[in-house]
Every structure is written in C-alpha cells, then in structure tokens.
Amino acid sequence: MQQLLNLVGWPPQGGAGPFDTRKAAFATSPESVTFRKVDRIVGTRIDMTCMFGKEVVTFRFFAANRGMAENIAEVLGRNTGQTLRDLGLLYIPDSEE
C-alpha cells in the first residue's frame, strides 16, 4: 500500500486548460480544494469533481495503470468532502496489474 501523496502526479491537475489562472492556487493550496465525486475512469485517467471555494472544478489524475486507477477511485469515493491535502494521506491498495 502507498499513500496517495507519494504517487506521481498527486495532487491532481485541475482547471479549464492551460490559461486557467486558478491552476497555481490549486497546486500551492491543496487544502483549499474539496473533493466531491469521481466522475469517471478513462483508461488510467480519473476525472473528479471538486470545489474551490464556491466554484465547481474538474480535476484529472493519471494513475500508473488501470488497476491502480480503479483502486484510487474506490478510495476517493469513500472520502467525499475531504480536501486534496487530506486525501493525500490515505493509503491506496497496490494494483494487481
């Protein structure tokens, strides 16, 4: 098992493209982003809905493989309402893949 914060790419990327000025705030203040739900898994990508203040923002996390993406999504789904910083402390089961 690994902590989410030790996985490459955590905290996830958020925002609406390269010109979204909030990206710097997301990266430097993961305690300001609250996780709401996993939207879908596409291959190794996990799309999730989060809140930044009162704004709804989509975040994407790229896992090492599909099995790990499913494990991460399952753990996240049981921890709605937590900040990205707090989610980083959770343990993720290793993937069979």
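Let us look at the structure shown here. The residue numbers shown here count from 1 along each chain, following its written sequence. Residues qualify for local features only when their pLDDT is at least 70, as the model is predicted, and side-chain atom pairs are given and counted only at 80 or more; totals for whole chains, interfaces and linings, by contrast, use all residues. Hydrogens are left out, water is left out, and the side-chain values use all remaining heavy atoms of the structure.

With respect to the nonpolar core
Ranked by internal contacts, the top residues of the largest apolar core, which has 23 residues, are Leu4, Met48, Phe59, Phe61, Ile72, Leu76 and Leu87. Helix and strand definitions follow DSSP, with helices as H or I runs of at least four residues and strands as E runs of at least two, each counted in order from the N terminus. Among the elements of the structure, strand S3 (33-42), strand S4 (45-52), strand S5 (55-62), helix H2 (66-77) and helix H3 (84-87) are those that each provide at least two residues to this core. Per-element tally for this core: the top contributor is H2, with five residues. Leave out the neighbours within four places in its chain, and leucine 87 touches Leu4, Trp10, Phe35, Leu76, Asn79 and Gln82. Residue types Ala, Val, Leu, Ile, Met, Phe, Trp, Tyr and Cys, when buried and joined through side-chain atoms within 4.5 Å, form a set referred to as a nonpolar core. Only protein chains enter the calculation, and the probe is 1.4 Å; a residue is then buried if its accessible area is under 20% of its type maximum, exposed if over 50%, and partly exposed in between. The contact rule is simple, with two residues in contact once any of their heavy atoms fall within 4.5 Å.

Describing the packing of aromatic side chains
Each aromatic ring pair is summarised here by two numbers: the centre-to-centre distance and the angle between the ring planes. Pairs were defined over the aromatic rings of Phe, Tyr and Trp, the Trp ring being its six-membered one, requiring ring centres within 6.5 Å. Orientation was assigned from the angle between planes: stacked under 30 degrees, edge-to-face over 60, tilted for the rest. Inspection of every chain in the model, using the stated rule, returns one aromatic pair. For the pair tryptophan 10 and phenylalanine 61, a centre-to-centre distance of 5.5 Å together with 70° between the ring planes defines the contact as edge-to-face. One end of the pair, tryptophan 10, is in the loop between strand S1 (2-3) and strand S2 (13-14); the other, phenylalanine 61, is in strand S5, and 51 residues separate them in sequence. As far as the burial class goes, tryptophan 10 and phenylalanine 61 line up, both buried.

Section: the sheet that holds S5
Any two strands between which DSSP finds at least two bridges are classified as paired. Reading across the sheet, the four strands line up as S2-S5-S4-S3 and stay open at both edges, with antiparallel pairing between neighbours. Two strands lie at the open edges of the sheet, namely S2 and S3, each paired on one side alone. With two bridges joining them, S2 and S5 adopt antiparallel strand pairing. The residue of S5 that forms the bridge with glutamine 13 is arginine 60. Set on the sheet, H2 makes contact with S3, S4 and S5; between it and S3 the angle comes to about 145°. Where helices are involved, their axes are fitted lines through C-alpha atoms of the stretch in contact, as for all axes, and angles between N-to-C directions lie from 0 to 180°.

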